[in-house]
Amino acid sequence: MDPLTMIMLAVLAVLIFFMFRNSRKRQKDAAQLQTQVVPGAKVMTNSGLFGTILSIDDEENEVLLESTPGTVLALHRQTIARVVTPVEAVATAESVVDEAAPEFGERIEDAGTDSGDVDGSADKKSND
């Protein structure tokens, strides 16, 4: 076989490998999602609708979803895109506002200048 054919076969083998790998990963993610879909879970549908699962009918593949209090929707089980987990707000050092920090658009005066010149003309040296 010539080298070009060998390279083409190698590339084909790599593509097939990644196709199977991605397929297994998607199946694993779908199985994990189905284990998390239980009554009482907060979920998001494929269309972006958020709600709480009231009940699941495995025979009909139907989910009763409460989007707002009193509004119950009957959806197909596969329309559940993901389970929404609450995000805890953690205060970081960056989120604390520094009182001495300048506001947006505020000029910061240069600490090294003796005069209050903004244009820095006091720091220019004359060439005599």
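For clarity, every value in this text was computed on a predicted model and none was experimentally measured. (Residues numbered from 1 in each chain as written. Predicted model: local features only at pLDDT ≥ 70, side-chain atom pairs only at ≥ 80, totals over all residues. Heavy atoms only, no water.)

1. Here's the deal with unusual backbone geometry
Basically, it comes down to this: Put simply, DSSP H or I for four residues or longer makes a helix, DSSP E for two residues or longer makes a strand, and each gets a number counted from the N terminus.
One non-glycine residue, Asn61, lies in the positive phi region at around 55°. Locating Asn61 in the fold gives a position in the loop between strand S2 (50-57) and strand S3 (62-68).

2. Comments concerning the UniProt feature "transmembrane region" (unreviewed entry) in the protein
Put simply, the rule reads: UniProt positions are given in the numbering used here, feature names are shortened, and annotations may be inferred rather than shown by experiment.
Under the local residue numbering, the UniProt record ascribes the feature "transmembrane region" (unreviewed entry) to residues 6-23. The span residues 6-23 is 100% helical and 0% strand by assignment, and the distance between its end C-alpha atoms comes to 26 Å.

3. A few points about the pattern of salt bridges
Heads up, the rule is: A pairing counts as a salt bridge when a side-chain nitrogen of Lys or Arg comes within 4 Å of a carboxyl oxygen of Asp or Glu. Throughout, exposure labels follow a simple rule: accessible area from a 1.4 Å probe, protein chains only, divided by the maximum for the residue type, with under 20% read as buried, over 50% as exposed, and the rest as partly exposed.
Scanning all chains against the criterion turns up 1 salt bridge. We note a salt bridge from Asp58 to Arg77, for which the minimum N-O separation is 2.4 Å. With Asp58 in the loop between S2 and S3 and Arg77 in the loop between strand S4 (71-76) and strand S5 (80-83), this residue pair connects regions lying 19 residues apart in the sequence. Relative accessible area serves as the criterion here: at 54%, Asp58 is assigned to the exposed category.

4. Some remarks on the pairing of S4
Across a regular strand the side chains alternate sides, sitting on one face of the sheet and then on the other. Basically, it comes down to this: Two strands are said to pair when DSSP picks up at least two bridges between them.
Taken together, the 6 bridges between S3 and S4 define a ladder with antiparallel strand orientation. The residue bridging Leu65 from the neighbouring strand is Leu73, located in S4.

5. Details of a nonpolar patch on the surface
To be explicit about the condition: Exposure above 30% relative accessible area and the lack of any salt bridge qualify a residue for a patch; like charges then connect within 9 Å, and the nonpolar side chains Val, Leu, Ile, Met, Phe, Trp and Tyr within 5 Å. The accessible surface values rely on the Shrake-Rupley method and a 1.4 Å probe; as for residues, cover is taken only from the protein chains in view.
Taken together, Met1, Met6, Leu9, Leu12, Ile16 and Phe20 make up a surface patch of nonpolar side chains, about 650 Å² in accessible area. Of note, Ile16 is situated in helix H1 (residues 3-36). The exposure class of Ile16 is partly exposed, given its relative accessible area of 35%.

6. Digging into the nonpolar core
Put simply, the test is: The criterion is simple. A nonpolar core is a set of buried Ala, Val, Leu, Ile, Met, Phe, Trp, Tyr and Cys residues joined through side-chain atoms within 4.5 Å. Any two residues whose heavy atoms approach within 4.5 Å are treated as being in contact.
The biggest cluster of nonpolar side chains holds 9 residues, and these are Leu33, Val37, Ala41, Val43, Ile53, Val63, Leu65, Ile80 and Val83. Among the secondary structure elements, those contributing two or more residues to this core are S3 and S5. When residues no more than four places from it in sequence are discounted, the contact partners of Ala41 are Gln36, Gly51, Thr52, Ile53 and Val83.

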